Amino acid sequence: MLPEVTKDPVCYSCGTEPSSANKTGEWRFLTPEKDIRLSPCRQGCLLDGEIPAWLEAVKNGRWEEAWQIMSRYNPFPALTGYVCFHPCTENCNRGQLDQEIEIHAVERAIGEWRLENYKRVDRPKEVKGQAAVVGSGPAGLSCAYYLNQGGYEVTVFEREKVIGGMFALGIPEYRLPRKVLKKELSVLEEEGIRFVSGCHVGQDVSLSGLYEDYDTVFLAPGAWKPRKAGIPGEESGGVWNALDFLSLLNKGHQPEIADPVVVIGGGNAALDSARSALRMSNVNHVKLIYRRSRTEMPANQAEVEAAEHEGVELIFNALPRKIEEEGKIKEITFDFCKTNLKGLVVDQSRSFEEKCGTVIMALGQEIDPSIFGEPVKDSLFYAGGDFTSGPATVPDAIRAGRIAAMTIIARDAGLPEPDLMLPDLEPVAFEELNLEAKINLSLQQSQAKPDEEAGRCLGCGTCNSCGICYIFCPDMAVEKVDNRYQLNMDYCKGCGICVKECPARAMVMEGGME
Amino acid sequence: MKIEELNRESEMLYSGHNACPGCGAALAVRYLTRALGPDLAIVLTASCWSIISGMPPLTALKCPILHCPFPSAGSVGSGVKRGLVAKGKPDTTVVVLAGDGGTFDIGLQALSGAAQRNEDYIFVCYDNEAYMNTGMQTSSATPFGARTATAPYPLFKAGQKKDIMQIMAAHSIPYAATATVAFPEDMEEKLKKAKKISGFRFIHILSPCPPGWGTESADTIQISRLAVNTGFFPLYEIRDGVSWEMTLKPDRSRIPLKEYLGAQRRFKQMDDRRIEILQEEVDHDWECLMEKVNTAD
C-alpha cells in the first residue's frame, strides 16, 4: 500500500522562469533577412504586377489586401482577368513541377470581389487639379483611375456614345461580358470620375480649348484608322473593315453579312472577327486567310486554337491580289506567298480563287495623327495607349495610363520624374527553388477555388508565408504576427537554416550584426 | 501538423535556450514536446540537453524536467511514471530524454531493464553520434570512419555503429521507431502514435550536430535529409519487435553515401576505400531491413 500523497511537493530545481529572458540573439554574427526577388510571372506580366504577393494574400483569404496590392499596377483585374492573354502563366515555374498556376483566374476573382464589395471611401476634399482624359479605352480609364486616386478631378471625353473604347467596341462579348465592364464603369463613376460621351475632341470641342480649361490633358484616342491592302475592289460593298464590323456588333447592331465569310489577316482583330462572324445566325462557313505561316501569326496562339476548334478554317501563305464582284458573290484572287530573309516573296504562278459573300479585312490599324485637327502641344504632351504605341494589347495600354498618371502626379508635386520601369533582373529559376521540404507544399493540380489555386504558388522570390522557416528554426526566432512570419532578432542565433530551406528563395544571409 | 495553426502558444520550447546555432537536438525536442504536450514530464539524463535546458531559475521547456544521473535514465523514468500513477495522474506522458551516450553506452543497462519490464513511458534517444557535450568523444553510436576527440585526425572510429533498434526490437517492446529533424511531419506522426500506445516505447532521433560533425549550421536539415535519402538512416517503425514497416517509402535509387560523408568534416580522412567499406555496410543493413519489412508484410 503506497502512502497517500496529500500535497504536491514543490521543486524548483529545473527552473521556473522561461529561458526567453536569455537574449541569445547576441550570439549572432550573420543575420538572415527577408528578400524580394523578381519572379518569372512578374517578369512576364505586361503590367509589372506583384503577382506572388497578391496570390499570397488570396491564399490566406485577405482579399482587401490582395486588391490593394493588385491596384498598385492594375486597377481593372476583373477586365484583364478576361481579356489578357496571361503571359504570366506561360512563364510560371510551377509548370516544370506539374501545372502552371491559373493566375488570370485568381486575378479575375480579385476583380470580382472588389466589384462586389466596393464601398466609396471619402477622401480628403483638397483637389490637386483638373484633368481631362481624351478617350475612354484601357489607357484612358487607367490614367483616369490613378489621377482620381491621386486627388484630381477627372473628366473623360469619349467620341462614341458608349464608354469603354476598345473594351466596349473592340472586344467581342464572348471574351468580355459587358455586365462586368458596366459594373467597373459604375464604380469609376462613383469614385468621382466624370464621363462625357459622344464628344469628339477636335470636332465638338477643340484640343486647345481643353488645354485652356484643364490643368492636365491626357490623350488616349487609340488607333482606329484601318490599314489598307491597296488592292482593286477593296472599297466595294460587302467588304468590311474588322474594327467597323466588331464595333457595330458590339453596339448591338447586326452588320449585313452574307455567308460564306472570308477574314483576311492574322492578328487578334482578325481572330475576333472570324469567331464573332461564326457566332452570327446566318453564317455557316468562315475562312481566315493569312499571308504568312501559322507560327508567324501575331495573334495569341490560344485564340487561334479556339477559333480552329470552333470551326474556323485557317489558310496560310496566301496574299490577296484583287477582289471582284459577280452579283452578290465576291471572288478574291490569292497568290502563294512566303517569308524568307528578304521579306515576303509572292509567287503569282501559284494562285487560287476564293468565292464568298463577305470579306472582312483585318490588316491592322494605324495611328491617325490628324485626329484632333490641330497639332498637340509638346510642352504639355501626355499621351498613351495605342495612340502612341500603335496597336498593342489591353494591359500595355493600362500600363501606359498608369505611367502617365504617375508622371503627372509627380510633376505637379514638384518631384523628379519617377522611374516606373522594373529593374532588369534575372528572375528566380525553377532549379533555384528548394522543394525538398515538401511541407505545406500543395501537391494538388489546378483548382477551381481561387484561394486553393493561389495556394499552389511556389513564391519564386517572394515570401508566401509557407512557414518552412518557422518549422525549421531551432530557436523559435521566427514568429507569426498577423498570419505573417517575422524574424525575432532577440533570439536569432544566425544559424541560417531558414535561408537555406526557404522554398521560395525569399531570404538572404547578411554579414554582421545589424 | 498544419503550419497555419502553429504559433508560439502551441510550442513547448522557449526561445533563449543554450543550444548551438543550428542544433538538431533543440529542433528534435521542439517537435517532440509539441507532439506529446502539454501534459508532459521529462526525465533528462546527462547530455547536451542538460545544458540546453538552462541554468536555474531559467528553463527552456514549458513542462517539468527532472535531471538524473547518467546511467539511471531508464530506472528514473520507471519511478516517475509509477509515482504519477500512484498520485492519480496516470494520463501524464513521461518522456525520458537521453543522448546517444545515455542510451547506447552508459544508460544501456537501465534502458534494457525498463524495456524488459515494459514500463509505461516513452524513451527518446536524440542521437548526435558522439559525446558532443563534453567535447565530441567517441560513443558506440559514432559511425565508422568519423574522427572524434578520442580518435583525432588522422585516426578515426574503427568499429561500426551499434544497432540500437535491433537491441530494442529484441526486447519485444510495443513500439519503436526512427525519426530525424528533416521530416517533422513523419516524426510527429510517430510520436502521436507512440503516445496512444501503452508500455515501453522507444524513439531514435538522428539529430545533426554542426560543431561535432563539422557542418555549416545552415546545413542541419540538409544533412538530416541526406542521411535518410542515402539510406544511412532509414525511417521505419517496429511493432512488438516483429512487425517492421518503412514510414518514408524508400527511394529505389538511393543517393550515394559519398555525398552525405563529403558534406561533413568529421569524415574528411575517409578515402575511397573506406567510403566503399561504409557504403557496403549501409547497403547490407538496408537489405537486411528490407528483408524484415518484407517478411512483416
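Being a predicted model, the structure only gives us computed values, none of them experimental. (Residues numbered from 1 in each chain as written. Chains lettered and ligands numbered in written order. Predicted model: local features only at pLDDT ≥ 70, side-chain atom pairs only at ≥ 80, totals over all residues. Heavy atoms only, no water.)

## Considerations on the nonpolar core
Formed by 88 residues in total, the largest nonpolar core has its most connected members in Phe472(A), Ile42(B), Trp49(B), Leu97(B), Ile203(B) and Tyr260(B). The biggest single contributor to this core is helix α1 (residues 24–36) of chain B, with nine residues. Once residues within four sequence positions are removed from consideration, Leu97(B) is found in contact with Val29(B), Leu32(B), Ile42(B), Val43(B), Leu44(B), Thr45(B), Trp49(B), Val124(B) and Tyr126(B). Counting 62 residues, the second largest nonpolar core, distinct from the first, contains Cys41(A), Trp63(A), Val394(A) and Ala454(A). (Core = buried A, V, L, I, M, F, W, Y, C linked by side-chain atoms within 4.5 Å. Buried < 20%, exposed > 50% of the residue type's maximum accessible area, 1.4 Å probe, protein only. Helix = DSSP H or I, 4+ residues; strand = E, 2+ residues; numbered from the N terminus. Contact = heavy atoms within 4.5 Å.)

## Quick notes on the environment of Arg108(A)
Residue and element names in this part refer to chain A. Among the secondary structure elements, Arg 108 is positioned in helix α6 (residues 103–116). What makes Arg 108 partly exposed here is its relative accessible area of 26%. Taking the C-alpha atoms as reference points, Arg 108 and Pro 77, separated by 31 residues in sequence, lie 5.6 Å from one another. Not counting the four nearest positions on each side in its chain, Arg 108 is found in contact with Pro 77, Ala 78, Gly 81 and Tyr 82. In this structure the side chain of Arg 108 is engaged in a polar contact, spanning 3.3 Å, whose partner is the backbone oxygen of Gly 81. (Polar contact = N/O pair within 3.5 Å; in protein donor to acceptor, adjacent residues only side chain to side chain.)

## Observations regarding the domain arrangement of chain A
Residues and elements named next belong to chain A. Per the domain assignment, the segments of chain A are domain 1 (19–35 + 466–511), domain 2 (40–118 + 428–454), domain 3 (129–223 + 367–412) and domain 4 (227–365). With 20 residues of domain 2 in contact, the opposing surface of domain 3 contributes 25 residues. Between domain 2 and domain 3, a total of about 2200 Å² is buried, with carbon and sulfur atoms accounting for 69% of that surface. Broken down residue by residue, the surface that domain 2 buries against domain 3 is led by Phe 76, Leu 79 and Leu 115, which jointly contribute 30%. Our enumeration of links across domain 2 and domain 3 arrives at two salt bridges. One salt bridge connects Asp 48 with Arg 399, and the closest N-O pair in it is separated by 3.2 Å. Residue assignment for the side of domain 2 that touches domain 3 shows that the elements contributing at least two residues are α3 (63–71), α4 (77–83) and α6. Here the side of domain 2 that touches domain 3 takes five residues from α4, the largest share from any one element. (Domains from an automatic or database assignment. Buried area = accessible area lost by both parts, 1.4 Å probe. Salt bridge = Lys/Arg side-chain N within 4 Å of Asp/Glu carboxyl O.)

## Looking at the pattern of salt bridges
Applying the stated criterion across every chain, the model contains 44 salt bridges over all chains. The residue Asp219(B) makes a salt bridge to Lys500(A) at a minimum N-O spacing of 2.9 Å. Of this pair, Asp219(B) sits in the loop between α8 (210–213) and α9 (220–229) while Lys500(A) sits in helix α18 (residues 497–501), placing the two residues on different chains. What makes Asp219(B) buried here is its relative accessible area of 16%. One continuous salt-bridge network, built from bridges that share partners, spans Glu11(B), Arg30(B), Arg34(B), Glu188(B) and Lys192(B).

## What to know about empty space enclosed by the protein
All names here are of chain A. Under the defined criterion, the tally for this structure stands at five cavities of 30 Å³ or more. Put simply, the largest cavity is a space of about 160 Å³. Cys 45, Leu 47, Ile 51, Asn 74 and Glu 107 are, among the 18 residues lining the largest cavity, the residues nearest its centre. Those elements giving two or more residues to the lining of the largest cavity turn out to be α2 (51–59), α3, α5 (87–91) and α6. Considering only residue class, the lining of the largest cavity consists of 13 nonpolar, three polar and two charged. Of the pockets and cavities examined, the second largest cavity occupies roughly 120 Å³. Along the walls of the second largest cavity sit 15 residues, with Cys 463, Cys 466, Cys 469, Cys 502 and Met 507 positioned nearest its centre. Looking at the lining of the second largest cavity, its residues break down into 10 nonpolar, four polar and one charged. (1 Å grid on protein atoms, 1.4 Å probe; cavity = no way out; pocket = protein on both sides within 12 Å on 5 of 7 lines; lining within 4 Å. Points joined across faces, edges and corners; volume = space filled by probe spheres on them. Nonpolar A, V, L, I, M, F, W, Y, C, P; charged D, E, K, R; others polar.)

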